[in-house]
Amino acid sequence: MEPDEPIDPNEDSPVIDADDEEFDDEELGDEPPPRSPWVGRGLIAAALGLWGVVAWLRVGGEPRVQVRAAALVDDDDDGDVVDHAVDERRADAADRADEGDAQADDGSAEAEVALADDDDGAEAEAAGAGADSRSDEAPRVVDDTPRDPRERLEGKSWTESFKEPDKVAYKVKRGGSMKMIANLYKIFHHEIQALNPGVDLERELSPGTQVVVWRRPGDDFVSESVGYAGDGSLVGGVPMVDGPGRILRMEPWKSYATVHNIAVLDGILRQWGKRFPEDRPLLVGNMSAAKGGRLKPHSTHRSGRDVDLSYPQKIVPGEEEYNWREMDERNLDADRTWALLELLVESGEVELVLIDSKLQKLLYDHAIKTGRVAKGELGFWLEYPRRPGSVETIVRHHPGHVDHLHVRFKCQPSEGRCKSRDRE
Ligand SMILES: [Zn+2]
């Protein structure tokens, strides 16, 4: 199973990012029905009239802003070295991937990715009001006052707590040499030697050894996203760091993003680990190459702003092995997926999330059934049940996002060359 867009027939054209014209309607399905006869038109006219009345009624209501009590607890932790432990056996796979072999994207490779120490104490205090409520009780009263969830979720002082790494260390798990680690990250041998002076390139390293794979250069160092996510590049890319709430499942050389986006993703996943310490961590899939550009099999992932994450999964008998998996009503944890979406939006840094329409339907139905999300917010969150591409929601459909969701971070105000269709 591929972690991303494996069957994307439109692979060579940026689908979401580039211009609106590039947003391929054909691929997004749901063509409008053929013209209706007169009777049908009468019905449409009546429906439009009714819609007008409803719209008029809605405009009257002021959007209510709710303040949620969930506290975001700051991380005071682990020094400046962040472990990035990956199984060295994947070195071969990385080399194969270099030859353009999309097979190497298979997240189901035998890799076991070690989690770095979690010294957060795994406090559950941040679970917040109702974060863990997964009731099958009777439907609550539906509140459909239109309101933008971003108003409810913003202002959590997230940006202050995003800690930008100035050093990323790779922890040797089974063995191997520094040369092999350089290959995993696709950095030059002289570069890894400069980062780890005095260590012989060929020497066999014992498990647990830390090798520096990235260190922030001097003051004039710039890390920025350039161009569209489907057509751009990355300057000053940094590899993703390990930590709580995640299992890194990408080839290390596909784990790069801007310093800022690495910090944001790290912060989000730390929060995830804190809020749901009993849950399985999220799988983190492909991001970008060190310098961005084309990253097979993706149409995007080119400018250090994209990351693939696993859906929060329910454990289904016979599917205990934790991996990328096609989601449906049996194994999608809809409540937790909503929690993840809220966490992403709370960061204030997420531009959009790609989720297949059929899973959006499950999220929609869950929200209506449980009242987990106010009905009035759904139109801002989900494209479903509207036609894909017809509205600019936080969650959008794109084919191939049944076994993972895709997060795109915003352009930063300082990134003058970063392009986004949501920015122009
Ligand atoms: Zn993706």
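Residues numbered from 1 in each chain as written. Predicted model: local features only at pLDDT ≥ 70, side-chain atom pairs only at ≥ 80, totals over all residues. Heavy atoms only, no water.

Q: In this structure, what is going on with the overall build of the protein? I would like to understand it.
A: A tally of helices and strands in the protein yields eleven helices and 13 strands. Sequence separation of at least 24 residues holds for 76% of the intrachain contacts in the protein that already meet a minimum separation of 6. Here the protein displays about 19,200 Å² of accessible surface, and carbon together with sulfur accounts for 52% of that area. (Helix = DSSP H or I, 4+ residues; strand = E, 2+ residues; numbered from the N terminus. Contact = heavy atoms within 4.5 Å. Areas by Shrake-Rupley, 256 points an atom, 1.4 Å probe, with all protein chains shown as cover.)

Q: Would you take a moment to explain the side chain of R408 for this structure?
A: With respect to the helices and strands, the residue R408 is situated in strand β13 (residues 405–409). A distance of 3.5 Å separates the side chain of R408 from the side chain of H406, its partner in a polar contact. (Polar contact = N/O pair within 3.5 Å; in protein donor to acceptor, adjacent residues only side chain to side chain.)

Q: Sorry if this is basic, but what is going on with the state of the cysteines here?
A: Formally, a disulfide is one covalent bond, and it connects the sulfur atom of one cysteine to the sulfur atom of another. Counted according to the given criterion, the structure contains one disulfide. Note that C411 is cross-linked by a disulfide to C418, the S-S spacing being 2.0 Å. With the S-S bond torsion at -75°, the cross-link from C411 to C418 turns out left-handed. Given a relative accessible area of 11%, C411 falls into the buried group. (Disulfide = S-S within 2.5 Å. Buried < 20%, exposed > 50% of the residue type's maximum accessible area, 1.4 Å probe, protein only.)

Q: Sorry, what's going on with helix α6 (residues 178–185) here?
A: In an α-helix, one turn spans 3.6 residues; hence positions three or four apart end up facing the same way. For α6, every residue scored as buried is listed here: M178, I181, A182, L184 and Y185. One side of α6 carries all its buried residues, which in axial view fall inside an arc of 155°. Immediately beyond the C-terminal end of α6, within one or two residues, lies K186, with a positive phi of roughly 55°. (Arc of directions from axis to C-beta.)

Q: Sorry, what's going on with helix α8 (residues 259–275) here?
A: Given a rise of 1.5 Å per residue, 17 residues ought to cover 24 Å, and the 24 Å separating the end C-alpha atoms of α8 matches this to within 8%. Most of α8 is tucked away: 17 of the 17 residues are buried. (Expected span 1.5 Å × (residues − 1).)

Q: Please clarify how the confidence of the model for the protein should be interpreted in this entry.
A: Close reading of the predicted structure is inappropriate where its pLDDT is low. Chain-level pLDDT for the protein is 75 on average; 64% of the residues reach the 70-or-more range. Low pLDDT, under 50, characterises residues 1–40; the stretch is placed with 91 contacts to residues that sit more than four places away or in other chains. Below a pLDDT of 50 lies the segment residues 89–135, which in the model reaches 97 contacts outside its immediate sequence neighbourhood of four places, other chains included. (pLDDT = per-residue confidence, 0-100.)

Q: Any chance you could explain unusual backbone geometry here in plain terms?
A: For residues besides glycine, phi is generally negative; the peptide bonds are generally trans as well. Residue P297 is reached from K296 by a cis peptide bond, and omega for that bond is 5°. Tracing the sequence through the fold places P297 in the loop between β9 (282–284) and β10 (306–309). At the junction of Y384 and P385, the peptide bond is cis and its omega measures out at 5° in the coordinates. Assignment of secondary structure puts P385 in the loop between α11 (375–381) and β12 (395–396). Despite not being glycine, K186 shows a phi value in the positive range, around 55°. Mapped onto the secondary structure, K186 falls in the loop between α6 and α7 (189–195). Although it is not a glycine, H301 adopts a positive phi angle of roughly 60°. Inspection of the secondary structure assignment puts H301 in the loop between β9 and β10. Look at H301 and you get buried, because its relative accessible area is 0%.

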